[in-house]
Amino acid sequence: MSTNRPAPLAEGTFTKTPFAHILIYLMERKLTGTLETSDKNDNVTIYFREGMAAKVKSSAKGKGLGQILLDLEQINKDQLLACQQEMTTSGGFAGEILMRQGAIEAAGLMRGLRSQILLKLMDVFVMLDARYAFYKDVNLLVGEGREELFAVDTYPVLMAGARTHGARMKMDKVLDAVGGRWISVDSVEVLRRFRLNAPEQALCTELLSKGKTMEEIIQDGRHNRQVVRSTLYVLLLTKEAAISDAAPAMGTPSIAPGPRPRFDSISPPPAEEISGDPKVVAFRKQIQDRASTIARQNYYEMLEIPLGAPTEEIRKAFFKLAKIYHPDRAGTTGTADLRETLNYIFSNLSEAHATLLNPETREEYGEAISAGMKRTSLIPAAHAEKEVREALDAETLYQKGLVLLRRDQYDKALEFVDKARELNPNEGEYLATWAKIQSAQRDHNAPVEDLILHLRRAEELAPKSERVHLYMGQLLKQTNRISEARTHFEMVLKVNPRNIEAAREVRIMEIRRSKEDKKNKGFFKRFLG
């Protein structure tokens, strides 16, 4: 291990404190920091966030991300080869290249990244004689590859480690302590968290319906001895198995009223109060208020959408909130000390977005809602990081374009809006603003039917957009379609009653209509005598 380190919070050997016990220690205390461990064969560095492993670096050569994704059937051999060729010629990260090439979606990539972390952690379980040191609140993997996108739940890590290397792990001390005592499990929800395989699931189902001693289970002969030892070891280590000296009275198990907190369901501590710019103070309060309530919300409440909201509404709601709570805002809004809090909020929003966007997980979640639960999975969901990043970049470019449009700098405004549309082509307001700039660059009498068609498409993409209806009303008025233009101006006022431009247009139309009515009444009065 490197000697250029701050003083460790804890250090020792896995001989005395096995890796599984250290994982439990870090998880229970929700510690953030870096664990370094080494033996004669390997050096492994693990960064933990809130007690969960978020990034792993190993000196041993393991499978690359591309091969892992191939093994998971997320990509095919041709896509892997194309990725490897680009990495050889241009460099870069396999995940980014595969997404850019259209070979994989964000959810599939996150599955691969999670599997890669898990594989690296598996090797640590058999570093039986390794030394370790844990450095609290220090990230020794900064600059090593991509920034960590998520943390891996410790429960499935422990189960996978015991499943893979249980025969070599030192389990006797934990298992001997419950010899002859009755073991039972009472939470279906917790069992889901472990991501059990079929033999483990069969064993735990039996413990749900009837408590047994470990000796009885092994003598029964229906369960593999090593499966029994490994599974019970993890259940006991995590304190998810109930232990009693007498046979417990078992009934039909019921789903727990709510899952235990995940790594990101523990709200960060309140930040220090500050004074100064009222907008900054208000935004800081908004962040902290959101952090204090989000763990009690279900996914629909988090995204501020109704039950049964369509896919597009889910996506738009997520991106709207991502623009507010993305951790990158911490460096530009006077909230640098709230980065972890923003991270916490954003991870919850990302999990909600990923769950509700997938038809299968959304259906499963709907069943959980009916059962009175907030969540069905305790595994951190995939973050659509690339998609979110592009959406935020697009919004920044778009806002610059709006500023230039207000200054009548049409060419420059069009340049920024075009770039925003490239990053996010399905944003209705970007398309509407593009049409607005195009119309401003044409002669007043030039045809604009093509732009009206673009605006109608923008209306389909963003039917409740104040800006889309305003630009449509202005263009329809220009072509003398007054009645239809008025409808759009009135739509603007429904969305925002304070929109001055729309209010002025409606008022002018009312004055003209009033004058025309008086003129017509006078004509008919003279005509009828």
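The preceding data block contains the structure.
The following paragraphs examine the structure supplied in this document.

Scoring rules and cut-offs
- Residues numbered from 1 in each chain as written.
- Predicted model: local features only at pLDDT ≥ 70, side-chain atom pairs only at ≥ 80, totals over all residues.
- Heavy atoms only, no water.
- Salt bridge = Lys/Arg side-chain N within 4 Å of Asp/Glu carboxyl O.
- Helix = DSSP H or I, 4+ residues; strand = E, 2+ residues; numbered from the N terminus.
- Axes fitted to C-alpha atoms, helices over the stretch in contact; angles between N-to-C directions.
- Parallel < 35°, antiparallel > 145°, perpendicular 65-115°, else oblique.
- Contact = heavy atoms within 4.5 Å.
- Nonpolar A, V, L, I, M, F, W, Y, C, P; charged D, E, K, R; others polar.
- Pairing = 2+ DSSP bridges.
- Expected span 1.5 Å × (residues − 1).
- Buried < 20%, exposed > 50% of the residue type's maximum accessible area, 1.4 Å probe, protein only.
- Polar contact = N/O pair within 3.5 Å; in protein donor to acceptor, adjacent residues only side chain to side chain.

1. Describing the pattern of salt bridges
Then, in step 1: This model, assessed by the stated rule, comprises 22 salt bridges.
Then, in step 2: In this structure, the salt-bridge partner of D137 is K136, at a minimum N-O distance of 3.0 Å.
Then, in step 3: A salt bridge links R467 to E429, with the shortest nitrogen-to-oxygen separation between them at 3.3 Å. Here R467, found in helix 21 (residues 466-478), pairs with E429, found in helix 19 (residues 428-440); they are 38 residues apart in sequence, far enough to count as distant.

2. Considerations on the packing of helix 14 (residues 311-325) against helix 15 (residues 339-357)
When two helices pack together, you describe them by how their axes are tilted relative to each other and by the distance separating the axes.
Then, in step 1: Two numbers describe how helix 14 lies on helix 15: the axes approach to 10 Å, and their chain directions differ by 170°. For the element pair helix 14 / helix 15, the angle class is roughly antiparallel. Where helix 14 approaches helix 15, its residues T311, I314, R315, F318, L321, A322 and Y325 are matched on the opposing element by L342, I345, F346, L349, S350, H353, L356 and L357.
Then, in step 2: Its residues placed into classes, the contact of helix 14 with helix 15 shows 11 nonpolar, three polar and one charged.

3. Focus on the sheet that holds strand 5 (residues 131-136)
Strands belonging to one sheet form pairs held by backbone hydrogen bonds; the direction of such a pair is parallel or antiparallel.
Then, in step 1: Pairing within the open sheet is antiparallel, and its five strands lie in the order 1-5-2-3-4. The open sheet is flanked by strand 1 (10-13) and strand 4 (52-58), the only strands paired with a single partner. The average undirected angle you get between the axes of adjacent strands in this sheet is 15°.
Then, in step 2: Where strand 1 and strand 5 come together, four bridges link them in antiparallel fashion. Paired with T13 across the strands is R131, a residue of strand 5.

4. Considering helix 11 (residues 225-237)
Then, in step 1: For helix 11, built from 13 residues, the straight-helix expectation of 18 Å at 1.5 Å per residue is met to within 8% by its first-to-last C-alpha distance of 18 Å.
Then, in step 2: For helix 11, the buried fraction is high: 10 of the 13 residues fall into the buried class.
Then, in step 3: Taken residue by residue, helix 11 has V228, R229, S230, T231, L232, Y233, V234, L235, L236 and L237 as its buried positions.
Then, in step 4: Its side-chain oxygen at 2.8 Å from the backbone nitrogen of Q226, N224 defines the N-terminal cap of helix 11.
Then, in step 5: Phi turns positive, to about 65°, at K239, one or two residues after helix 11.

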